[in-house]
Amino acid sequence: MSDILSKLSTAIIEGDFASTPEMAETALEEGLGPDEILNKGLMPGMDHVGVEFKAGNMFVPEVLRSARSMQAAMDIIRPLLAETGIEPAGKIVIGTVKGDLHDIGKNLVGMMCEGAGFEIIDLGKDIEPDAFVEAVKEHSPKILGMSALLTTTMRAMEQTIRALEETGIRDSVKIMIGGAPVTQAFSDQIGADGYAANAASASDIAKKFTP
Amino acid sequence: MINSKFTAQVTPGIQLLSDDQKGGIHSATLEVLRRTGVDVLVPGVRDMLQKAGCWVDGGRVRIPPNLIEWAIRAAPSRVVLCNQDGNPAMELEGRKGYYGTGSDTPFVIDAYTGQRRKAVLEDVANVAKLVDALEHIDFLMCMGIASDVTESISDLYHFREMVHNTSKPIIYTAWDRANLEAIVEMAEAVAGGPEALQRSPFMALYSEPISPLSHAKESCEKLLFLAEKGLPVVYTPGMMIGATAPVTIAGALVQANAEALSGLLITQLAREGTPVIGAGGILFMDMAKGAISYAAPEFMLAMTAFSEMYHYYKLPIFSFSGCSDAKVFDQQASAEGAIWMMLTALGGGNLIHDVGYIESGLTASYQQIVAMNEVAALVKRFMGGIEINDENIALEAIDRVGPGGNFVGDEHTFQHFRRNWVPELFDRSSREEWEVNGELTLGDNAAKKVRQVFENHQAKPVDESVSEALEAVIQKAEERNK
């Protein structure tokens, strides 16, 4: 493997976000393709982070720092990826549902998925079903992620799915849901495609949805 | 600028007694020793006390207050115990606390079958290994009493196994003076001679008076021998509130103090400066069952107050923790053990023993030791207190993140999160993750860790020549006992 690619992997694992953009530029100058930088430099670093996090050897703030380092390098290579017609991992539209102002979990999911190479369109919090529908139409994401902390606002997830069905675009996206009171059973019941218990497994599921 | 936000860090602690109350307990203790006195069952010790100014009447010795107050000043306020290499391991003084196991339970819960059975010598080796491997258990007592060696010298075998399987400090027991002499001979071989052992002792004897108010023959003889040798000794009452002590906590405390301080006087008269670790056990008799309790709140109150008295005297404190009346390692064992762990830390005990005792001291539980090691880690984090300074008050971070933001990704979080405790056995995973990993309880996790240590941990081996010396002492004792 090229020296600069292994340096990039290491910088991502160490969360050295100040250095990764420059390293990505160096890699491009050395004539490496953006897809090669992504698949052989950035992703192996993030994959390692994922494994270490699951094993309890890395902690949330460190993972976020790694994700940020990944993101900083992605900012350099994303335009070139688009130019060469290479599809990046894809877009995810996320938001906290109507009536709910809790967004820390949703933000973590966003950061983790960004770290996994996705492009995140974060709608924010207290998002009406119709606003989710509009965003899906506008961005054509591969995944729609919804978050709720309250048992009273969980229901808005179901309303949003119904709204997508009524518009006829339900099947154009995979729907992921999460939040403290959410369970796999609830996910099945309202017809979502996936549920994750925490931000790390959310990015795993997102990867499964976008082979 | 005078920085009004800055507050010096304080060690968390609790207080049961006011200074006036401590003075009251002290006075009552002196009065018990003047008026009632104690039985001293060795004539030579009675003579020594009489010569110093005590009033002797048959076996009974009554003590003038000035002698007790002299002994409190004469005894060292700090006792340092080393590891077997002679490096300092525990500074028993002030509010520095160290956790360790207990000794001499007839039974253990088998680490593989989960069944209660008689303790054997291998259990002593195993508990020593466990203590050696666990980060937050600082010293070793032998836990089980080996049923598979010559009964009259099983204490020698315990000592040998402990030396072989940990380098942490050892609190040992000895059946009588002859065995104590043999054990000290073994310890001198480990340390490299009597002077090296005296200067950097890696062990202290556990011994006790007989409540109420009697210094038995064996107790006196052991105290005299260790005073002669200048070696450290734990001398702690082992009384029961309502049975061998008054039913009121204050009365039991006064009697316990009288027993401990009159023992202290014997050691200081025998040799001024003998290192003694005092205070100790004011256990409780349950009046519904007639059973001894190792986790009654009355015992906890009495122990905490006893520690306060010893802080008042500036003397090293023997204390209790991590013990339970439960019959197996269960919810009760966890609850009682954990309350003790936090309480003893807050109360400022120094040499804190009996971690892993269940069934009121009759049975040892390896799982309990491992679980309490986890609790000890939590307690240590708590006892670190809160550091209040500009960096920790985090005004910059609060302003940077602002309303509606998040701190998880902020630099301040990254800089400081490692200060916070991460459990090893306590489970914080999601239910899904927990289910995938086999729905393990604390008991399951603790049992797994116990077996892991038994099968993999190797203590630092002792030198061949030392090993031979230990063997020779045991052989000599076997001959003597034939």
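Residues numbered from 1 in each chain as written. Chains lettered and ligands numbered in written order. Predicted model: local features only at pLDDT ≥ 70, side-chain atom pairs only at ≥ 80, totals over all residues. Heavy atoms only, no water.

**Some words on unusual backbone geometry**
- Cis geometry marks the peptide bond from B:S211 to B:P212; its omega dihedral reads -5°.
- Inspection of the secondary structure assignment puts B:P212 in the loop between β10 (203-207) and β11 (214-215).
- In the Ramachandran plot, A:D126 falls in the positive-phi region, its phi being about 55° despite a non-glycine side chain.
- In this structure, A:D126 sits in the loop between β2 (119-122) and α6 (129-139).
- Overall, A:D126 belongs to the partly exposed group, its relative accessible area being 39%. (Helix = DSSP H or I, 4+ residues; strand = E, 2+ residues; numbered from the N terminus. Buried < 20%, exposed > 50% of the residue type's maximum accessible area, 1.4 Å probe, protein only.)

**Things to note about the pairing of strand β5 (residues 88-92) of chain B**
Residues and elements named next belong to chain B.
- The sheet contact formed by strand β4 (residues 79-82) and β5 spans 4 bridges and is antiparallel. Considered in β5, the bridge of V79 is made with L92.
- In sequence, β4 turns back onto β5 through a hairpin of 5 residues, with G86 there showing a positive phi of about 90°. (Pairing = 2+ DSSP bridges.)

**Points about a nonpolar patch on the surface**
- A contiguous nonpolar patch, built from B:L395, B:I398 and B:F407 and spanning about 290 Å² of accessible area, is present on the exposed surface.
- A relative accessible area of 46% means that B:I398 is categorised as partly exposed. (Patch = residues over 30% accessible without salt bridge, like charges linked within 9 Å, V, L, I, M, F, W, Y side chains within 5 Å. Areas by Shrake-Rupley, 256 points an atom, 1.4 Å probe, with all protein chains shown as cover. Salt bridge = Lys/Arg side-chain N within 4 Å of Asp/Glu carboxyl O.)

**Considerations on the domain arrangement of chain B**
Residue and element names in this part refer to chain B.
- By the assigned domains, chain B splits into domain 1 (1-388 + 421-482) and domain 2 (390-419).
- Using C-alpha coordinates to define each centre, domain 1 is positioned 43 Å away from domain 2.
- Taken together, the contact pairs 7 residues of domain 1 with 4 residues of domain 2.
- Note on domain 1 versus domain 2: buried area summed over both sides is about 600 Å², and carbon and sulfur give 43% of it.
- Across the contact surface, domain 1 and domain 2 share 1 salt bridge.
- The shortest N-O distance in the salt bridge between E387 and R419 comes to 3.1 Å.
- Between the two partners, domain 1 and domain 2, sit 3 residue pairs in polar contact (both at pLDDT 80 or more).
- Classifying every residue of the side of domain 1 that touches domain 2 gives 2 nonpolar, 2 polar and 3 charged. (Domains from an automatic or database assignment. Contact = heavy atoms within 4.5 Å. Buried area = accessible area lost by both parts, 1.4 Å probe. Polar contact = N/O pair within 3.5 Å; in protein donor to acceptor, adjacent residues only side chain to side chain. Nonpolar A, V, L, I, M, F, W, Y, C, P; charged D, E, K, R; others polar.)

**Some thoughts on the packing of helix α1 (residues 3-14) of chain A against helix α2 (residues 20-29) of chain A**
Residue and element names in this part refer to chain A.
- Where α1 meets α2, the axes come as close as 10 Å, and the angle between the chain directions of the two elements is 165°. The orientation of α1 relative to α2 falls into the category roughly antiparallel. Regarding α1 and α2, the two cross each other, and that crossing is left-handed. Note on element contacts: α2 touches α1 through T20, M23, A24, T26 and A27, opposite I4, K7, L8, A11 and I12.
- Split by residue class, the contact of α1 with α2 holds 7 nonpolar, 2 polar and 1 charged. (Axes fitted to C-alpha atoms, helices over the stretch in contact; angles between N-to-C directions. Parallel < 35°, antiparallel > 145°, perpendicular 65-115°, else oblique. Left-handed = near helix turned anticlockwise from the far one by under 90°.)

**Brief notes about the pattern of salt bridges**
All names here are of chain B.
- One pass over the structure, following the stated rule, counts 37 salt bridges over all chains.
- Where K22 meets D19, a salt bridge forms, and the shortest distance between an N and an O atom there is 3.5 Å. Of the two residues, K22 and D19 are both situated in helix α1 (residues 19-35); the distance of 3 residues between them amounts to about one turn of the helix.
- Looking at K22, the relative accessible area reads 11%, which means it is buried.

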